[in-house]
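# Observations on the three-dimensional arrangement
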Amino acid sequence: ITVAGVNDPPNLGSLDGTTLAYSDGDGAVVIDTADTSSVSDVDSTDFDGGSLTVSLTNGTSNDTLSIASDGTITLDSGTIYYDAAGSSATDTSVGTVSGGNAGSDLVITLTSDATAAATTALFQALSFENTSDTPDTTSRTATFTLDDGDGGSSTASADVTITVTEVNDAPVLS
């Protein structure tokens with residue numbers, strides 16, 4: 001009998017199919033507003049060498065994907081830090097980030113310290129912003145793709161619908 005190991009893809013919890021209702025002027029808003037995302041991987045303790053990519057379908061040049069610093073996750077010069085205690089005293093680098101501007105993909109390269117807990121916190125810190133005063137109100141789909149870095153068929157994805165509403169601004173007298 002020969003037993004061959006199989007690389008199982010990660011699990012993204014219940015993020016898939018959720019919706020973010022965004023109104024112009026909201027600023028950067030966390031996409032997973034209900035903190036429903038959770039990350040696990042039955043055959044790996046970390047996501048070393050893996051990546052998280054967030055892409056927008058119907059994204060515009062006014063759309064930005066970014067990482068909100070919330071105490072547990074912080075961003076400094078393109079490096080993402082995780083601190084389970086939220087004290088910033090024991091920050092651990094879990095990855096680096098690039099892109100996300102003008103509707104481009106946000107790409108995060110993960111390190112050996114990107115555990116399931118750290119990667120879950122990272123998912124829950126990803127944000128969307130549209131900087132236009134008259135935004136395109138076409139719904140966007142944010143696709144989260146997580147590669148666990150273990151090779152083979154090791155990716156999982158989830159889609160979140162982002163609805164964008166234009167707000168009628170009050171006239172300004174000059």
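### Details of the overall build of the chain
- Check the secondary structure of the chain and you find one helix and 13 strands.
- Counting helices and strands in the order they occur from the N terminus, the chain gives β-β-β-β-β-β-β-β-β-β-α-β-β-β.
- Expected size for 174 residues packed as a compact globule is a radius of gyration near 16 Å; at 17 Å, the chain falls within 12% of this value.
- On the principal axes, the C-alpha backbone points of the chain span a range of 80 × 40 × 25 Å.

### Let's talk about the sheet that holds strand β5 (residues 51–57)
- Reading across from one edge, β2-β13-β12-β5-β10-β9-β8-β7 is the order of the eight strands in this open sheet, with mixed pairing throughout. Two strands bound the open sheet, and with one partner strand each, they are β2 (19–23) and β7 (73–76). Across the sheet, the mean angle separating the axes of adjacent strands is 25 degrees when strand polarity is ignored.
- With eight bridges joining them, strand β12 (residues 140–147) and strand β13 (residues 155–165) adopt antiparallel strand pairing. Residue pairing across strands places Phe144 opposite Ala158, the latter belonging to β13.
- Where helix α1 (residues 116–123) meets the sheet, its contacts fall on β5, β7, β8 (79–82), β9 (92–99), β10 (106–110) and β12, and the angle it forms with β8 comes to roughly 115 degrees.

Thresholds applied
Residue positions are given per chain, counting from 1 as you read along its sequence in written order. Per-residue local features are limited, in this predicted model, to residues with pLDDT of at least 70; the limit for side-chain atom pairs, both in listing and counting, is 80 or more; totals at the level of whole chains, interfaces and linings are taken over all residues. Side-chain measures were taken over the full set of non-hydrogen atoms in the model, leaving aside hydrogen atoms and water. In DSSP terms, a helix is any run of H or I states spanning at least four residues, a strand is any run of E spanning at least two, and both are numbered starting from the N terminus. As defined in this context, the radius of gyration uses C-alpha atoms, and a globule is described by 2.2 Å times the residue total to the power 0.38. Here, strands pair whenever DSSP counts at least two bridges between them. Each axis is a line fitted through C-alpha atoms, taken for helices only over the stretch in contact, and angles between the N-to-C directions span 0 to 180 degrees. It only takes one pair of heavy atoms within 4.5 Å for two residues to be counted as in contact.

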